[in-house]
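Remarks on the overall topology
Listed here are the chains, written in short residue letters.
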Amino acid sequence: MRTALVCGAGGFIGGHLVKRLKKEGFWVRGVDLKQHEYTQLPTDDFVIGDLTDISVVNKVLDQPFDELYQLAADMGGAGYLFGGENDANVMHNSGVINLNIAKRATEMGVKKLFYSSSACMYPAYNQEDPDNPKCAENSAYPAAPDSEYGWEKLFSERLYCAFHRNYGLNVKVARFHNVFGIEGTWNGGKEKAPAAMCRKVAEVEDGGTIEVWGDGLQTRSFLYVDECLEGVRRLMDADFMGPVNIGSEEMISINGLAQLVAEVAGKKIHIKNIPGPMGVRGRNSDNALIKEKLGWAPSKPLREGIEKTYYWINEQVKLQKAEVKLNKSLYNEVSIGSCSLQDSCR
Ligand code: NAD
Ligand code: GDD
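Everything numeric in this text was worked out from a predicted model, so none of it was measured. (Residues numbered from 1 in each chain as written. Chains lettered and ligands numbered in written order. Predicted model: local features only at pLDDT ≥ 70, side-chain atom pairs only at ≥ 80, totals over all residues. Heavy atoms only, no water.)

Further remarks concern the overall build of the chain. Counting secondary structure elements, the chain contains 10 helices and 13 strands. A globule of 346 residues ought to have a C-alpha radius of gyration of about 20 Å, and the chain, at 22 Å, matches this closely. For the chain, the proportion of its 346 residues judged to be buried stands at 52%. Looking at the chain alone, contacts between residues at least 24 apart form 77% of all its contacts between residues at least 6 apart. Per element, the accessible surface of the chain, about 15700 Å² overall, is 53% carbon and sulfur. Both charge centroids of the chain, one from 40 positive and one from 45 negative side chains, sit 2 Å from each other. (Helix = DSSP H or I, 4+ residues; strand = E, 2+ residues; numbered from the N terminus. Rg over C-alpha atoms; globule rule 2.2 N^0.38 Å. Buried < 20%, exposed > 50% of the residue type's maximum accessible area, 1.4 Å probe, protein only. Contact = heavy atoms within 4.5 Å. Areas by Shrake-Rupley, 256 points an atom, 1.4 Å probe, with all protein chains shown as cover. Lys, Arg positive; Asp, Glu negative; His and termini not counted. Charge placed at Lys NZ, Arg CZ, Asp CG, Glu CD.)

Here it is in structure tokens:
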């Protein structure tokens, strides 16, 4: 039986990956700081642990796994990454995780290691025109990512490639472009634009107004998680190490994304553009290389993924409202109860 270690299994993409690997017949160990928030994972073994701690890394990486997927990172959307206040933690936590894993995977003779880099490593100077961003793999240098998160991703790509050159570690590197879907972070400050728009539209009345950061003309492309994993699995089986973009080429403005979500929800909305962390002006995946090397590229329309994600987030919003209501009524009961107790004690 093939064995896999998924680092960051309690997260969004890691959780989906565990399910996929189990369906493919792998024995899977997951490791994360936390359990998955939204789903029960079918792992064969799940370790709660901090991968910045080398003793944890040594413990979970105790055998020459056939495949290791390194997805663990201190990360979030624009609200978490581009305000500046999490820069030191993001660089330190993710950097140490990758330093630990690269070394230990080499020592243990891991057969293949996947590293999830990000489109945030591309230079800001190529992403100033929202209608014509350049994110071909060979446009990475001279390096000038616009965030510390992007710099750490670039450093760690290079780290794994150096372990490949010097120690023969078989690595695969992909640059994900904004991946979204069900069972991902949708509130709390780390959510990315697709989840944020779904939540805002789910919470607003028909005809109401939602807030969108920036002028809303900034552009991105968004990839549904199933296609992301299809790309990852194909890369793992290919005779090609990357780095390669795994993203959609269907670019849309953020106001356009909000309107698309509203259409899916069957609601009319108004958009109020407000100041907020923005990141680059435009970003889109360039899929020439993935087509050439894997003979495949993501092709599903954005709308399809947004439909699934909106319905899931709408359910989460309803559940949260019901919980708040229940908590309020429990609180009232308890306070009425303690009041009558006090009264009877008088
Ligand atoms: P996520 O935040 O849902 O998952 C990351 C997981 O790593 C979390 O569950 C977190 O608890 C875990 N983690 C963080 N620090 C850890 C530590 N010290 N020890 C153990 N676990 C730790 O994020 P995701 O969207 O699933 O992203 C997975 C990977 O893909 C990340 O490396 C991310 O940078 C990369 N990526 C994601 C996107 C995207 O749009 N989702 C885009 C580009 C790159
Ligand atoms: N998150 C969020 N929430 N973004 C919003 C909102 C909101 O309410 N309103 C508007 N936006 C805008 C942001 O200002 C940004 O310009 C754009 O939507 C996209 O934001 P995100 O989806 O949060 O992040 P990103 O695309 O800039 O970067 C993400 O993608 C990278 C890969 O492409 C990051 O999440 C990285 O983690 C990831 O590596």
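From this point, the discussion proceeds with the structure in view.
Further remarks concern the site of ligand 1. Contacts to ligand 1 come from 26 residues, most closely from Ile13, Asp32, Asp50, Tyr149 and Val179. Leucine 51 is positioned such that a nitrogen or oxygen atom in its backbone is 2.9 Å from a nitrogen atom of ligand 1. Side-chain polar atom of serine 116 to an oxygen atom of ligand 1: 3.2 Å apart, as the coordinates give it. For ligand 1, whose unbound accessible area comes to 810 Å², protein coverage reaches 93%. Secondary-structure elements contributing two or more residues to the shell around ligand 1 are helix H1 (12–23), strand E5 (112–118) and helix H5 (148–167). Top element by residues in the shell around ligand 1 is E5. It accounts for 3 residues. For the shell around ligand 1, the class distribution of residues is 12 nonpolar, 9 polar and 5 charged. (Near = heavy atom within 4 Å. Polar contact = N/O pair within 3.5 Å; in protein donor to acceptor, adjacent residues only side chain to side chain. Nonpolar A, V, L, I, M, F, W, Y, C, P; charged D, E, K, R; others polar.)

Before going further, it helps to examine the environment of valine 212. Along the chain, valine 212 falls in strand E8 (residues 209–213). Between the C-alpha atoms of valine 212 and glutamate 128, which are 84 residues apart in sequence, the distance is 19 Å. Other than its neighbours up to four places away in sequence, valine 212 contacts Met197, Ile254, Asn255, Ala258, Ile271, Lys272, Asn273 and Ile274.

Glancing now at the pairing of E8. Along E8, the buried face is formed by Ile210 and Val212; none of Thr209, Glu211 and Trp213, which line the opposite face, is buried. Of the pairings in the sheet, the one linking E8 to strand E13 (residues 270–274) comprises 5 bridges and is parallel in character. Counted as the bridge partner of isoleucine 210 is isoleucine 271 from E13. (Pairing = 2+ DSSP bridges.)

Another aspect to go through is the nonpolar core. Ranked by size, the top nonpolar core spans 61 residues in total, and within it Val6, Tyr69, Phe114 and Phe176 carry the most contacts. Of all the elements, helix H8 (residues 254–265) adds the most residues to this core, at 7 residues. Every residue in contact with phenylalanine 176, bar those within four places of it in the chain, is listed here: Ile13, Leu71, Phe114, Ser116, Ser117, Ser118, Ala119, Cys228, Val232 and Ile246. Val57, Leu68, Phe163 and Val173 belong to the second-largest nonpolar core, a separate cluster that totals 25 residues. (Core = buried A, V, L, I, M, F, W, Y, C linked by side-chain atoms within 4.5 Å.)

Right, let's talk about helix H6 (residues 193–203) for a bit. Most of H6 sits out of view: 9 of its 11 residues are buried. Considered for burial, the residues of H6 that qualify are Pro194, Ala195, Ala196, Met197, Cys198, Arg199, Lys200, Val201 and Ala202.

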